[in-house]
Amino acid sequence: MRMLLPHAADDLTDADLDAAYAWPGWPAAQPWLRANMVSTVDGAARGPEGLSGAISGDADKRVFGRLRGLADVVLAGGGTVRAEGYKPAREKPSFAERRRDAGQAPAPVIAVVSGSLHLDLSSELFSTPGSRPVVVTSASADADLRSRVSAVADVLVAGDDAVDLRSAVDQLNERGLVRIHAEGGPSLLGDLAAADLLDELLLTVSPVLAGGSYADGPEIPRILAGAPLPDAPRPLSLVHVLEDGGTIFLRYTSG
């Protein structure tokens, strides 16, 4: 992997990647929400089977692992958690000392945004001993479902009729989870952008084409979907460009 901007550098090490994607203020705890997404060259956020894995590669997975490594919390929508088969984040020895020095837990917390609470509570994410994710929902969620989810997860109520993401982010920050790594899907990312909560966008552009649609497949969403962006087009500032085997890694900050 090499860096193209802001300066040229070849054969980036894991330490180089950690420096390139450093959290602001590290190791101090500064609230910051970054989103990490992968897309095809023509903007599709998923492969034919409806998952992101088909348009990701080894280099993307390497960066993905480094990004999760120093986050406080991984934020994802309920649909993405179900489709991608989320599991608890694992403690990794290569990050242990830095996480300890920064006052972090050994591994990131997984936080799931779900207004419906239609979650598979038998999945590894919710059934693994010693792991307790966070579930963000609204006050209008079914009381019986909320009780069942509360048995295996910490439930945050944010908003009355629908999930209020600003309240959700505030509550995560109050729990000391200030470095928020959002992984989508497109609807959640669209909602975060619409609520002006997105500090940083990390976009992997995979060197493949999706075309207008997949044969006999689901609709192809872009990396943001759903909620309208009130001030579109919103400017972003380019921080760096990395490349590996034709895959481009773009880091943007908001504003």
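Preceding this paragraph is the structure being described.
Residues numbered from 1 in each chain as written. Predicted model: local features only at pLDDT ≥ 70, side-chain atom pairs only at ≥ 80, totals over all residues. Heavy atoms only, no water.

Caption draft 1: The nonpolar core, seen in detail. Counting 30 residues, the largest nonpolar core has Leu-33, Leu-75, Val-136, Leu-172, Ile-180 and Leu-192 as the members making the most contacts within it. Put simply, the parts of the chain that give this core at least two residues each are strand E2 (32-40), strand E3 (73-77), strand E4 (109-113), strand E5 (134-137), helix H7 (165-174), strand E7 (179-182), helix H8 (186-194) and strand E8 (200-206). Looking at this core, the element that brings in the most residues is H7, giving 4 residues. Setting aside anything within four residues of it in sequence, one finds Leu-172 in contact with Leu-75, Ala-111, Val-134, Leu-156, Leu-177 and Ile-180. Counting residues in hydrophobic clusters, the runner-up holds 17 residues, among them Val-74, Val-81, Ala-107 and Phe-126. (Core = buried A, V, L, I, M, F, W, Y, C linked by side-chain atoms within 4.5 Å. Buried < 20%, exposed > 50% of the residue type's maximum accessible area, 1.4 Å probe, protein only. Helix = DSSP H or I, 4+ residues; strand = E, 2+ residues; numbered from the N terminus. Contact = heavy atoms within 4.5 Å.)

Caption draft 2: Representation of the environment of Pro-133 within the structure. On the secondary structure map, Pro-133 appears in the loop between helix H5 (124-127) and E5. For Pro-133, a relative accessible area of 2% gives the class buried. A C-alpha to C-alpha distance of 7.6 Å links Pro-133 and Pro-88, two positions 45 residues apart in sequence. Once residues within four sequence positions are removed from consideration, Pro-133 is found in contact with Ile-110, Leu-125, Phe-126, Val-152, Ala-153 and Asp-154.

Caption draft 3: Representation of the sheet that holds E5. Taken in spatial order, the 10 strands line up as E1-E9-E10-E8-E2-E7-E3-E4-E5-E6 in an open sheet, and their pairing is mixed. At either margin of the open sheet sits one strand with a lone partner, and together these are strand E1 (2-5) and strand E6 (154-157). When the angles between neighbouring strand axes are averaged without regard to direction, this sheet yields 25 degrees. (Pairing = 2+ DSSP bridges. Axes fitted to C-alpha atoms, helices over the stretch in contact; angles between N-to-C directions.)

Caption draft 4: Looking closely at the pattern of salt bridges. In the structure shown here, the tally under the stated rule is 14 salt bridges. Arg-2 serves as the salt-bridge partner of Glu-243, at 2.7 Å between the closest nitrogen and oxygen. Note that Glu-243 is positioned in strand E9 (residues 236-244) and Arg-2 in strand E1, a separation of 241 residues in sequence. Judged by its relative accessible area of 14%, Glu-243 is buried. You can call Arg-2 partly exposed: its relative accessible area is 36%. (Salt bridge = Lys/Arg side-chain N within 4 Å of Asp/Glu carboxyl O.)

Caption draft 5: Here's a closer look at the environment of Arg-98. Looking at where Arg-98 falls in the secondary structure, it is placed in helix H4 (residues 93-101). By relative accessible area, which is 29% here, Arg-98 ends up partly exposed. Put simply, Arg-98 and Pro-27 are 71 residues apart on the chain and 8.1 Å apart in space, counted from C-alpha to C-alpha. In this view, Arg-98 contacts Asp-18, Trp-26, Arg-66, Leu-70 and Gln-104; residues no more than four positions away in its chain are not counted.

Caption draft 6: Seen up close, the side chain of Arg-66. Tracing the chain through its elements places Arg-66 in helix H2 (residues 58-69). For Arg-66, the side chain forms a polar contact with the side chain of Asp-14, separated by 3.5 Å. In this structure, Arg-66 is in contact with Asp-14, Leu-17, Asp-18, Ser-94, Phe-95 and Arg-98, ignoring residues within four places of it in sequence. (Polar contact = N/O pair within 3.5 Å; in protein donor to acceptor, adjacent residues only side chain to side chain.)

Caption draft 7: Here's a closer look at H8. All buried positions along H8 are accounted for by Pro-186, Leu-188, Leu-189, Gly-190, Leu-192 and Ala-193. The inward-facing, buried residues of H8 contact E2, E3, E4, H7, E7 and E8. One or two positions beyond H8, positive phi appears at Asp-196, with a value near 60 degrees.

Caption draft 8: Focus on unusual backbone geometry. With an omega of 5 degrees, the peptide bond running from Leu-5 to Pro-6 counts as cis. Structurally, Pro-6 can be placed in the loop between E1 and helix H1 (14-20). Here Gly-184 and Gly-185 are connected by a cis peptide whose omega angle stands at 10 degrees. Residue Asp-11 is not a glycine yet carries a positive backbone phi of 50 degrees. Mapping Asp-11 onto the fold places it in the loop between E1 and H1. Residue Asp-11 is classed as exposed on the basis of its relative accessible area, which comes to 64%. Even without being a glycine, Leu-117 presents a positive backbone phi close to 60 degrees. For Leu-117, a relative accessible area of 3% puts it in the buried group.

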